[in-house]
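These are the residues of each chain, in order.
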Amino acid sequence: MNPEVRSYFISQFGDDISQLRGVRQLVENAERELDIVKSKLSEKRFSLTAETDGIRRDCDVAVRQAASLVEKRTVNELSAINAHLQQTHPLVESVSSLVSQVAELDKCRKYLRWMEEVNVLSSCIEDSVGSGTFSSALDYLEQMAQISASLQPSSCLHLKSWVQSVVSHWHEILKKQLSSEFGSVLQSLHWPVIETAPKPLPRAEVSALQTKLSVLFKQLLRLGKRESSASVARGVRQRSVLLPIEMMVHPLSKRFKYHFYGKRPTNALHKPEWYMRQVMNWLRDHSIFLDTVIQPVMDVLDCKATAKVVYMYSSLFLFQSFGCCCRLNLLWQCWN
């Protein structure tokens, strides 16, 4: 038996067993106390349920009040924001207009800057041409061509057209000047061959002329490459003729037209072989000059081509440009 229970019984009944007659009374009292405790617990449970419901109701009310306050505050804040936006709308429009004006001014500044750069380069080219320093002029022309290329994505059509016209203008001037200088040197070196035995030049003069020829050949080569690059950029198919060699063929064009145009006996439609024979004769007459003067210059400049082959190609292109192929085609149709 539990010591606490035992001590409780002893305190109630003592050690005398005859006193156990009051156990029934004790049980009845315990049952009455148990009923009282249950009743109190039931009352407490009901009270707790009522309190919990009250707390839940209070929470719902608090939540609704908080939501109402938040909604009112949100509406008030939105109203304040809208009012602020309406107040600042004129300022925003004014600032937007100023930003647009600044952007336009920036475009104008860039526009003028491009024009200034082109004008400065144009002045530099003019000074270089006037002083005869064609190498510097070609450098400035290449810079101007780079500006023209960088402006291609731009929507400034007039600016692009103007820059391209300036580039083309100086390109033609340099081409004309260099061609004139190149032709004078070639003529001094007895090009094209007119006499079978031209008067020999002093060795010192020949060396100076060949040095000048090499410089002019290189400059014309640079100009020709720039011309080819510009043609490729425009989508135009460019012939593979070196500009210096093309300049060398130009003096022969007058002779070609003299013999094979007009009422000359050599302009005979039934003798098409005369066209090709004349080109081959020119190649034969100028082969020594091409091998001894032009080929070394091309080797130094790493042209990766043979002077005779390029000269032959240029001559055939001349042959084609004067309409000889059309004449051969017409003759072939007549024979058939």
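Summarised in this report is the structure supplied together with it. (Residues numbered from 1 in each chain as written. Predicted model: local features only at pLDDT ≥ 70, side-chain atom pairs only at ≥ 80, totals over all residues. Heavy atoms only, no water.)

### Looking at the overall build of the protein chain
Thought 1: Looking only at helices and strands, the protein chain features nine helices and zero strands.
Thought 2: When its helices and strands are written in sequence order, the protein chain yields α-α-α-α-α-α-α-α-α.
Thought 3: Within the protein chain, residue pairs in contact and separated by at least 24 positions form 67% of the contacts whose partners lie at least 6 positions apart.
Thought 4: A total of about 23200 Å² of accessible surface is found on the protein chain, and carbon and sulfur atoms cover 58% of it. (Helix = DSSP H or I, 4+ residues; strand = E, 2+ residues; numbered from the N terminus. Contact = heavy atoms within 4.5 Å. Areas by Shrake-Rupley, 256 points an atom, 1.4 Å probe, with all protein chains shown as cover.)

### Some details on the side chain of His286
Thought 1: Inspection of the secondary structure puts His286 in helix α7 (residues 273-300).
Thought 2: A polar contact of 2.6 Å, which involves the side chain of His286, links it to the backbone oxygen of Trp282.
Thought 3: The contacts of His286, once residues within four sequence positions are left out, are Trp191, Pro192, Val193, Leu252 and Tyr311. (Polar contact = N/O pair within 3.5 Å; in protein donor to acceptor, adjacent residues only side chain to side chain.)

### Focus: the packing of aromatic side chains
Thought 1: Tallied over the full model, the rule gives three aromatic pairs.
Thought 2: Their ring planes at 40° and their centres at 5.1 Å tell us that Trp191 and Phe289 sit as a pair that is tilted. Of this pair, Trp191 sits in the loop between α4 (157-188) and α5 (203-233) while Phe289 sits in helix α7; the two residues are 98 residues apart in sequence, bridging distant segments of the chain. The same class applies to Trp191 as to Phe289, namely buried.
Thought 3: Members of the aromatic cluster, joined through ring pairs, are Trp191, Phe289 and Tyr311.
Thought 4: Over the ring of Trp114 we find Arg113, and its NZ or CZ is 4.9 Å from the ring centre. (Phe/Tyr/Trp six-rings, centres within 6.5 Å; stacked < 30°, edge-to-face > 60°. Buried < 20%, exposed > 50% of the residue type's maximum accessible area, 1.4 Å probe, protein only. Lys NZ or Arg CZ within 6 Å of the ring centre and 35° of its normal.)

### Details of unusual backbone geometry
Thought 1: Looking along the chain, the bond that leaves Trp191 and enters Pro192 is cis, with omega of -5°.
Thought 2: The residue Pro192 is located in the loop between α4 and α5 in this model.
Thought 3: Located in the positive-phi region is His190, a residue other than glycine, with phi close to 65°.
Thought 4: If you trace the backbone, His190 turns up in the loop between α4 and α5.
Thought 5: Positive phi, normally seen in glycine, also occurs at Lys304, with a value near 55°.
Thought 6: For Lys304, the position within the fold is in the loop between α7 and α8 (307-321).

### Overview of the side chain of Ser128
Thought 1: Locating Ser128 in the fold gives a position in helix α2 (residues 23-131).
Thought 2: A polar side-chain atom of Ser128 sits 2.9 Å from the main-chain carbonyl oxygen of Cys124.

### What to know about the nonpolar core
Thought 1: By size, the foremost hydrophobic cluster in this structure holds 53 residues, and its most contacted members are Phe182, Met248, Ile294 and Tyr311.
Thought 2: Within the residue set of this core, elements represented by two or more residues are α2, α3 (134-150), α4, α5, α6 (243-260), α7 and α8. (Core = buried A, V, L, I, M, F, W, Y, C linked by side-chain atoms within 4.5 Å.)

### Some words on the pattern of salt bridges
Thought 1: Per the counting criterion, the structure on display carries nine salt bridges.
Thought 2: A salt bridge links Arg222 to Glu142; the nearest nitrogen and oxygen atoms lie 3.1 Å apart. One end of the pair, Arg222, is in helix α5; the other, Glu142, is in helix α3, and 80 residues separate them in sequence.
Thought 3: If you follow the salt bridges from partner to partner, you end up with Asp106, Arg109 and Lys110 in one network. (Salt bridge = Lys/Arg side-chain N within 4 Å of Asp/Glu carboxyl O.)

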